[in-house]
Amino acid sequence: MLVVHRAASGAALAGGLADVLSKPPADPFAQEVVAVPAKGVERWLAQRLSHVLGAMSDDGVCANVVFPWPDRLLDDAVQSASGEHADAVARWAPQRSVWPLLEVIDACAGTEPWCRSLGQHLGSRDEDKGRRFAVASRLARLFDDYGQSRPAMLRAWAKGRDERGDGTPLEDDLSWQAELWRRLRDRLGSTSPAELLEDACARLKAESEVSGLPERISVFGASRLSIARLAVLAALAEHRHVHLWLHHASPALWETVSGSNAVLRRRDDSTRSSLTNPLLASLSRDVLELQQLLGRCAPGFTDVHYPSAPLPATLLGRLKQDLADDLVGDSPPPLDSADRTVQIHACHGRTRQVEVLREVIVGLLAEDPSLEPRDVLVMCPDVEVFAPIIAATFSLGAEVNAAHPAARLRVRLADRALQQTNALLAVLAQLLQLGAARITASQVIDLAGSPAVRQRFGFDDDEVERLRSWVVRAGVRWGLDREHRRTWQLGEVGQGTWREDSIGCCLASPWKAASRSSLTSSRSTTSTAPTLT
């Protein structure tokens, strides 16, 4: 049985999940499976559940609960039902299929008429525009997305029909994608996962134990699920309790979608244009389409709505109420001068933004004793840009000697890229980028100055600066040699490449003991560049 829980508040959803999990399953040692979209949600949800599960007086514990990613949970379930599907997923993974796809493109782009537009975009073998790998990677990811969002289309392509999956033919300028996908299918020698999905779901419905999942699973906080994964979710719900927890701000929107006609293409859907509140119309696409897909993939699901408490008559309260009711007030009441529920701070830069944020958070915590640091969520457009500023402003790593009270707050930076938190992965990412880059002087010096490389070769600040000085004096700009520059149509210009100068040759080659000893001995010499032969 599939049960869809929806509420405008994350706290209400967490409370509903706690009520469900507080009823023990038949097997007391069975794990509870709650799929979450991010590690930050996992930490917050575990804290919320620990106040209810096993609690006598707000002192419970969240134990024997696993928090996998929703995609991993559903993909593992369908692969456990079909070994052939698991093998197909491995073969068609974008990271792996991009290399056979490159071979297919090289064989077809310049010779076959159906691939003429792609060949013109990539360029000929003699005049390669440097796009082959980027385009192949993009196409491999696109084919993978098609398998998740449009499995019916790929099944039609496999049968030789150039369709969109709903019987509509592909446009002439897109038909090359279907033929390229069929050539890749032949090159891989493997049926695509989209073609095997229906049989795998049928086995999940027929054999409840094949997935290895407990009798009760939950998917919490998902805003988007593809057609393929919703089909797996519906198959799992055939013999077990599956709970889908949706953060849905508008009961009016839910009723509007429930009463609308089913459509297959976004351009044919007029639901959003029929909404009254423009903010609701612009922000509701994901939850609206998820509800429509639920109606197509899992008809007859049980709907459970958690009503919100009466909202206060503040600006934020009125905004939430308008979204919930899909209304726009004609003459809103005057704003109370003491209302601070919505604030806009104009700052002259990122650093100042974080400083103002720190003061606002500290002030709010001081004014409201019921507010706790775990109740504060800070969102930013690019966490990698703001991460070092936040670390410095909130004194992360230097809390003992910091004087500002914000240093006592437990601040966590979530959803950071692995290459930003792992020094070795950062170096690997730099090397991979150099493989398709112009290999400028600054890129190589930055690589030599990265923490992992400095630790491996024992470089200190003076030695990195000395390397920079040598490169500047040698006049190295970019490019390994003339042949490397030919990619950018500058193969006749060798000046400024790493290979043209003797010091460039030394720096471009692997580090040897001789170069290391030269660096070491130069600490006690003058700053003039040595003569290298």
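Residues numbered from 1 in each chain as written. Predicted model: local features only at pLDDT ≥ 70, side-chain atom pairs only at ≥ 80, totals over all residues. Heavy atoms only, no water.

1. As for the environment of Glu 289
- Tracing the sequence through the fold places Glu 289 in helix H14 (residues 285-297).
- Looking at Glu 289, the relative accessible area reads 21%, which means it is partly exposed.
- For the pair formed by Glu 289 and Ala 423, sequence separation is 134 residues and the distance between their alpha carbons is 40 Å. (Helix = DSSP H or I, 4+ residues; strand = E, 2+ residues; numbered from the N terminus. Buried < 20%, exposed > 50% of the residue type's maximum accessible area, 1.4 Å probe, protein only.)

2. Thoughts on the pairing of strand E1 (residues 2-7)
- Counting buried positions along E1 gives six out of six residues, so the element sits mostly inside the fold.
- The alternating pattern of E1 places Leu 2, Val 4 and Arg 6 on one face and Val 3, His 5 and Ala 7 on the opposite face, and all of these are buried.
- Direction of pairing for E1 relative to strand E5 (residues 241-247): parallel, over a ladder of six bridges. In the strand pairing of E5, Leu 2 is matched with Val 242. (Pairing = 2+ DSSP bridges.)

3. Some points on the packing of helix H5 (residues 94-108) against helix H9 (residues 175-188)
- Contact pair H5 / H9: the axes reach a minimum separation of 9 Å and the direction vectors enclose 120 degrees. Accordingly, the angle class assigned to the pair H5 and H9 is oblique. As H5 packs across H9, the resulting crossing turns out to be right-handed. Judged by residue contacts, Ser 97, Pro 100, Leu 101, Glu 103, Val 104, Ile 105 and Cys 108 of H5 engage Leu 180, Arg 183, Leu 184, Arg 187 and Leu 188 from H9.
- Across the contact of H5 with H9, the residue classes break down as eight nonpolar, one polar and three charged. (Axes fitted to C-alpha atoms, helices over the stretch in contact; angles between N-to-C directions. Parallel < 35°, antiparallel > 145°, perpendicular 65-115°, else oblique. Left-handed = near helix turned anticlockwise from the far one by under 90°. Contact = heavy atoms within 4.5 Å. Nonpolar A, V, L, I, M, F, W, Y, C, P; charged D, E, K, R; others polar.)

4. Quick look at the nonpolar core
- Counting residues in hydrophobic clusters, the biggest one holds 35 residues, and the most contacted among them are Leu 2, Val 232, Leu 233, Leu 236 and Leu 244.
- Among the secondary structure elements, those contributing two or more residues to this core are E1, strand E2 (32-35), helix H3 (70-81), helix H10 (193-206), strand E4 (216-220), helix H11 (227-236), E5 and H14.
- When neighbours within four sequence positions are excluded, Leu 236 is seen to be in contact with Leu 74, Ala 77, Leu 204, Ser 211, Leu 213, Ile 217 and Val 242.
- In this structure, Val 98, Ala 136, Trp 176 and Leu 184 belong to the second largest nonpolar core, which totals 31 residues. (Core = buried A, V, L, I, M, F, W, Y, C linked by side-chain atoms within 4.5 Å.)

5. Some words on the confidence of the model for the protein
- Here the protein averages 84 in pLDDT, and 91% of its residues register 70 or above.
- Residue range residues 507-533 is modelled with pLDDT below 50. Its contacts to residues more than four positions away, or to other chains, number 32 contacts. (pLDDT = per-residue confidence, 0-100.)

6. Regarding H14
- For H14, which comprises 13 residues, the first-to-last C-alpha distance of 18 Å matches the rise-based estimate of 18 Å (1.5 Å per residue) to within 8%.
- Taken residue by residue, H14 has Leu 288, Leu 290, Gln 291, Gln 292, Leu 293 and Leu 294 as its buried positions.
- The secondary structure elements touched by the buried residues of H14 are E1, H11, E5 and helix H12 (251-258). (Expected span 1.5 Å × (residues − 1).)

7. Some thoughts on the environment of Ala 452
- By secondary structure assignment, the location of Ala 452 is in helix H21 (residues 451-457).
- Relative accessible area serves as the criterion here: at 17%, Ala 452 is assigned to the buried category.
- Taking the C-alpha atoms as reference, Ala 452 lies 30 Å from Thr 487; in sequence the two are 35 residues apart.
- Contact partners of Ala 452, with chain neighbours within four places excluded, come to Ala 423, Leu 424 and Val 427.

8. Points about a nonpolar patch on the surface
- On the surface, Leu 279, Leu 283, Leu 315, Leu 316, Leu 319, Leu 335 and Val 342 cluster together to form a nonpolar patch covering roughly 560 Å² of accessible area.
- Elements that contribute at least two residues to the nonpolar patch include exactly helix H13 (278-283) and helix H15 (315-325).
- Broken down by element, the nonpolar patch gets its largest block of residues, three residues, from H15.
- On the secondary structure map, Leu 283 appears in helix H13. (Patch = residues over 30% accessible without salt bridge, like charges linked within 9 Å, V, L, I, M, F, W, Y side chains within 5 Å. Areas by Shrake-Rupley, 256 points an atom, 1.4 Å probe, with all protein chains shown as cover. Salt bridge = Lys/Arg side-chain N within 4 Å of Asp/Glu carboxyl O.)

9. Focus on the pairing of E2
- Of the two faces of E2, the one carrying Glu 32 and Val 34 and the one carrying Val 33 and Ala 35 are both buried.
- Judged from the two bridges that link them, E2 and strand E3 (residues 65-66) form a sheet pairing that is parallel. Within E3, the residue paired with Val 33 across the bridge is Val 66.

10. Focus on the sheet that holds E2
- Taken in spatial order, the six strands line up as E3-E2-E4-E5-E1-E6 in an open sheet, and their pairing is parallel. Edge positions in the sheet fall to E3 and strand E6 (302-306), since each of these pairs with one other strand and no more.
- Against the sheet, H14 contacts E1 and E5, and its axis sits at roughly 155 degrees relative to E5.

11. Notes on the side chain of Gln 177
- Along the chain, Gln 177 falls in helix H9.
- Among residues more than four places away in sequence, those in contact with Gln 177 are Leu 142, Phe 143, Tyr 146 and Trp 157.

12. Focus: the state of the cysteines
- Taken as a whole, this structure holds zero disulfides when the rule is applied.
- Here Cys 115 stays unpaired: no disulfide links it, and the sulfur of Cys 108, its closest cysteine neighbor, is 5.8 Å away. (Disulfide = S-S within 2.5 Å.)

13. A short note on the pattern of salt bridges
- All told, the structure shown has 26 salt bridges when counted by the stated rule.
- For the salt bridge of Asp 106 with Arg 132, the shortest nitrogen-to-oxygen distance reads 2.6 Å. Here Asp 106 is found in helix H5, whereas its partner Arg 132 is found in helix H7 (residues 132-149), with 26 residues between them in sequence.
- Residues joined in a network through salt bridges with shared partners are Glu 112, Asp 162, Glu 179, Arg 182 and Arg 183.

14. Re the packing of aromatic side chains
- Using the criterion set out here, one finds eight aromatic pairs in the structure.
- When the ring of Trp 245 is compared with that of Tyr 306, the centres are 6.3 Å apart and the planes differ by 25 degrees; the resulting orientation is stacked. In this pair, Trp 245 is assigned in strand E5 and Tyr 306 in strand E6, connecting sequence segments 61 residues apart.
- Since its relative accessible area comes to 0%, Trp 245 is described here as buried.
- Cluster of aromatic residues (ring-pair linked, three or more members): Trp 92, Phe 143, Tyr 146, Trp 157 and Trp 181.
- Its guanidinium or amino end placed over the ring of Phe 457, Arg 456 lies 5.2 Å from that ring's centre, counting from NZ or CZ.
- Sitting above the plane of the Trp 478 ring, Arg 485 keeps its charged end 4.4 Å from the centroid. (Phe/Tyr/Trp six-rings, centres within 6.5 Å; stacked < 30°, edge-to-face > 60°. Lys NZ or Arg CZ within 6 Å of the ring centre and 35° of its normal.)

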